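Analysis of the macromolecular model
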Amino acid sequence: MISADTSIRFLKGVGESRAKTLQEHGLSTAGDLLWFFPFRYEDRRHPTRIADLGHHLDEPVLVRGRVISAHSRVSPRKRMKIFEAVLEDESGGVKLVWFNQPFLSDQIKRNDRLAVFGAPKFSSYSHLQIEGPDWEKFEGDEEAEGAIVPIYSKIGNIPPKALRRIVAQSLEALPALDDPLPEEIRSALHVGALGPAIEQLHRPQELSDEFLWRRSPAHRRIILQEFFTFQLALRVRRATEEVKQKSRKIRIDDAIRGEVRKILPFKLTRAQKRVLKEIAGDLQNARPMYRLLQGDVGSGKTIVALIAAMIAIRNGHQVALLAPTEILVEQHFQRISQLLDHSVVLAKSTGSATLSERRTLVAGLRDGYIQMVVGTHALLEEKIAFKSLGLAIVDEQHRFGVEQRQKLFAKGDTPDILVMTATPIPRSLALAMYGDLELSVIDELPPGRQAIRTALRASTQLERIYKFLDEEIRAKAQVYVVYPIIEESEKLNLKPLKQGFEAIRKRFPDRQIAMLHGRMSAADKEATMQRFKAGEIDMLVSTTVIEVGIDVPNASIMMIMDADRFGLSQLHQLRGRVGRGERKSYCILVSDKEKERLDLFAETRDGFEVAERDLQLRGPGEFLGTRQSGALRFRMGNIVRDHELMERARDTAIDVIDRDGVTRAEEIVRRLLGAEIAAARD
Ligand code: ADP
Ligand code: MG
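Everything in this summary refers to the structure shown in the same document.

Reading the values: the criteria
Residues numbered from 1 in each chain as written. Chains lettered and ligands numbered in written order. Predicted model: local features only at pLDDT ≥ 70, side-chain atom pairs only at ≥ 80, totals over all residues. Heavy atoms only, no water. Phe/Tyr/Trp six-rings, centres within 6.5 Å; stacked < 30°, edge-to-face > 60°. Helix = DSSP H or I, 4+ residues; strand = E, 2+ residues; numbered from the N terminus. Buried < 20%, exposed > 50% of the residue type's maximum accessible area, 1.4 Å probe, protein only. Lys NZ or Arg CZ within 6 Å of the ring centre and 35° of its normal. Salt bridge = Lys/Arg side-chain N within 4 Å of Asp/Glu carboxyl O. Core = buried A, V, L, I, M, F, W, Y, C linked by side-chain atoms within 4.5 Å. Contact = heavy atoms within 4.5 Å. Polar contact = N/O pair within 3.5 Å; in protein donor to acceptor, adjacent residues only side chain to side chain. Near = heavy atom within 4 Å. Areas by Shrake-Rupley, 256 points an atom, 1.4 Å probe, with all protein chains shown as cover. Arc of directions from axis to C-beta. Pairing = 2+ DSSP bridges. Axes fitted to C-alpha atoms, helices over the stretch in contact; angles between N-to-C directions.

Right, let's talk about the packing of aromatic side chains for a bit. Remark: the centre distance and the inter-plane angle together describe each pair of aromatic rings, the angle taken between the planes. The final tally for this structure, using the stated rule, is eight aromatic pairs. With 5.9 Å between their ring centres and 35° between their planes, Phe 83 and Trp 98 make a pair best called tilted. On the criterion of sequence distance, the pair formed by Phe 83 in strand β3 (residues 81–89) and Trp 98 in strand β4 (residues 92–99) is long-range, its members being 15 residues apart. Of the two residues examined, Phe 83 and Trp 98, each falls in the buried class. Lys 348 extends its terminal NZ or CZ atom over the ring of Phe 333, reaching a point 4.8 Å from the ring centre. Residue placement shows Arg 507 over the ring face of Phe 508; its charged tip is 4.9 Å from the ring centre.

It is worth spelling out the pattern of salt bridges at this point. What the rule picks out here adds up to 32 salt bridges. In this structure, Asp 551 engages Arg 580 in a salt bridge whose closest nitrogen and oxygen atoms are separated by 2.4 Å. Placement of the pair is Asp 551 in the loop between β20 (539–542) and β21 (555–560) and Arg 580 in the loop between α20 (568–575) and β22 (585–590), with a sequence separation of 29 residues. Assessed through its relative accessible area of 19%, Asp 551 is described here as buried.

Moving on: the nonpolar core. Membership of the largest hydrophobic core comes to 43 residues, with the highest contact counts inside it found for Met 372, Leu 391 and Leu 418. Looking at this core, the elements with two or more residues in it are α10 (254–263), α11 (270–284), α12 (301–314), β11 (318–322), α13 (326–340), β13 (372–375), β14 (389–394) and β15 (416–421). For this core, the leading source of residues is α12, giving eleven residues. Leave out the neighbours within four places in its chain, and Met 372 touches Leu 306, Ala 309, Ile 313, Val 319, Leu 321, Ile 336, Val 344, Val 345, Leu 346 and Ala 347. Core analysis: the second largest hydrophobic core is formed by 40 residues, Tyr 41, Ala 218, Leu 645 and Val 656 among them.

A separate point is the environment of Glu 381. Tracing the sequence through the fold places Glu 381 in the loop between β13 and β14. The class of Glu 381 is partly exposed, set by a relative accessible area of 36%. What Glu 381 contacts, discounting residues up to four positions off in sequence, is Arg 358 and Lys 411. Engagement of the side chain of Glu 381 in a polar contact is seen with the side chain of Arg 358, the distance being 2.9 Å.

It is worth spelling out the site of ligand 1 at this point. Close contacts around ligand 1 come from 17 residues, with Gly 298, Lys 301, Thr 302, Arg 449 and Asp 551 the closest. Within the contact set of ligand 1, an oxygen atom lies 2.7 Å away from a side-chain nitrogen or oxygen of Thr 302. One nitrogen or oxygen atom from the side chain of Arg 335 is found 3.2 Å from an oxygen atom belonging to ligand 1. Considered on its own, ligand 1 offers 570 Å² of accessible surface; in the complex 85% of this is hidden by protein.

Okay, helix α1 (residues 16–24) next. Here α1 has its buried residues at Ala 19, Thr 21 and Leu 22. Seen end-on, α1 carries its buried residues on one side only, within an arc spanning 165°. Exposed side chains of α1 directed beyond 90 degrees from the buried face belong to Glu 16, Ser 17, Lys 20 and Glu 24. Buried positions along α1 lie against α5 (160–170).

Strand pairing in a sheet relies on backbone hydrogen bonds, with the paired strands running either antiparallel or parallel. Strands sit in the order β17-β22-β21-β18-β20-β19 across an open sheet of six strands; the sheet is parallel. The outermost strands of the open sheet, each flanked by one partner alone, are β17 (452–457) and β19 (513–516). If you compare each strand with its neighbour and ignore which way they point, the axes differ by 20° on average. When β17 meets β22, the two strands line up parallel, connected through six bridges. Counted as the bridge partner of Arg 457 is Val 590 from β22.

So this is what it looks like as structure tokens:
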């Protein structure tokens, strides 16, 4: 009897060496194998007649026949090793071609009976052939003779057929398999039992479209189990943390309200008011706030954060605001000092502070004299400790890793946490990443914003663009020119930027041109930004340092060189630097590649839509930067495609905790994680 716990050593076809290989891939028991799903299927029930291949051009089909000739040769031009065989069935023959697989000459011989799976196409000599097909000999092999065959990803050098037989044995464990999801949760998730779902996935009876698109009830069962496990685990963790209630009590009285009103330089938008209400509610709650504030670039998140800060400070606590770049810290620092007008003791913390500045800062934060600090990751150093950190704010949170954020939060005793992002994370992804985070969205821009005209131009049109810039600058506009040099990369190659800068200087001899990049000293960067803000610089030639958060209302043109080298969300960030003032604004993309993608961007105004498309084009790993993608790798679920399942999983997880309590939920999580140990291992 095989059960889920049975070691793979007891399966037929698994000797010592295969056992070792399987274990290296996280497959130790029959239960692990059950969760090792095929990544595709081949329908080998209906071979195509070779004479009919012409009707199936470029479409993978199954062909069965006998090899009537086989030989290797070297292509005269490219010196590539080519192995060719001719396969014949009762209707005719077709050439099979494999490139750079010379070892095939030992494996495929004349008279072998083969099943091959591949897409027929015309060779350059107009012969029909199949290049690089999957193949299998099927003499006496009923499996290859006519079934739907599951295809598993390769495990070491175990031949596919042997691997299939090994996995097939694990299915014997199904009748006795425990379902980690209790009946009532299954029905809340609208899924069936686990055993039949697993069986379906390894041994489907039919390949319906629904099945091939991973939308069948069996797929949903697995995806929802993964998502639900993730959501419930997050919620349980959060709930157990919340048992620690806030040690402080935050109150909002008329004095605070009055003071807030006094610092407001403008009327808040409806969206800002709504979000502020949510935040104020959290702050007054006995549990710590954990909220993601998202809003398109320029939607006005800073003022909302500042009001939250005022509330914490007037209740006797300190506030830390973490931002990703020194320029951004400087900008926040200045804007906040202006708004607060000395009513709060404000400090900043950056890597370029002098030793004595640093000492003052450390002392001031420790004894509580400093009420609010704005800083880069320099703020995370161990030496920095607070007397009473009541509110931790992270701006442009996607620029920080999980550990960095945690480091900041750990500097307080259950501080309220507000993380902000101007990269509008699609709701589906926000849920997946932060199932335990509350979400506030500013979905409205302050009044008077100009629509930004986005245009795509080829590099041959540079001179025309420059003429346009010349006219605009004469009319007192300011221009950003951005080169695709990503500041985060280790090897920062500034050559293209410097060359671009020189070329532009030559082209615009009468204009004030300046350069900005991450390798400049903080003081130089700051001075340059100040001059640009003051209107003393006409054109700022820079890297992506200006991508996040910079606010210069008079700058109205964003010119992006080699725009194809940027992700859409990043382009949107850059575009968001203009259109902030009264002036008609432009975003000019210069590129000779990827016209379609960039056109799509030019048409899209809404940041959420851009982000959604970016996510679809690049996948979550790329979208978020690799650092954060690890937690999001699901075995079968895809957070873009299956986002509504993620929402269902989240709602169900919340219900379970509310109804059954944390202890019971924890029990369920433990059972679920037990079932998915294999998933966690790869
Ligand atoms: P982001 O959400 O991108 O961080 P900011 O907080 O930097 O946006 O705000 C962008 C600009 O809009 C700033 O110059 C800010 O002063 C201004 N702003 C914010 N809210 C309003 C408002 N309600 N009315 C007018 N201007 C506003
Ligand atoms: Mg901002």
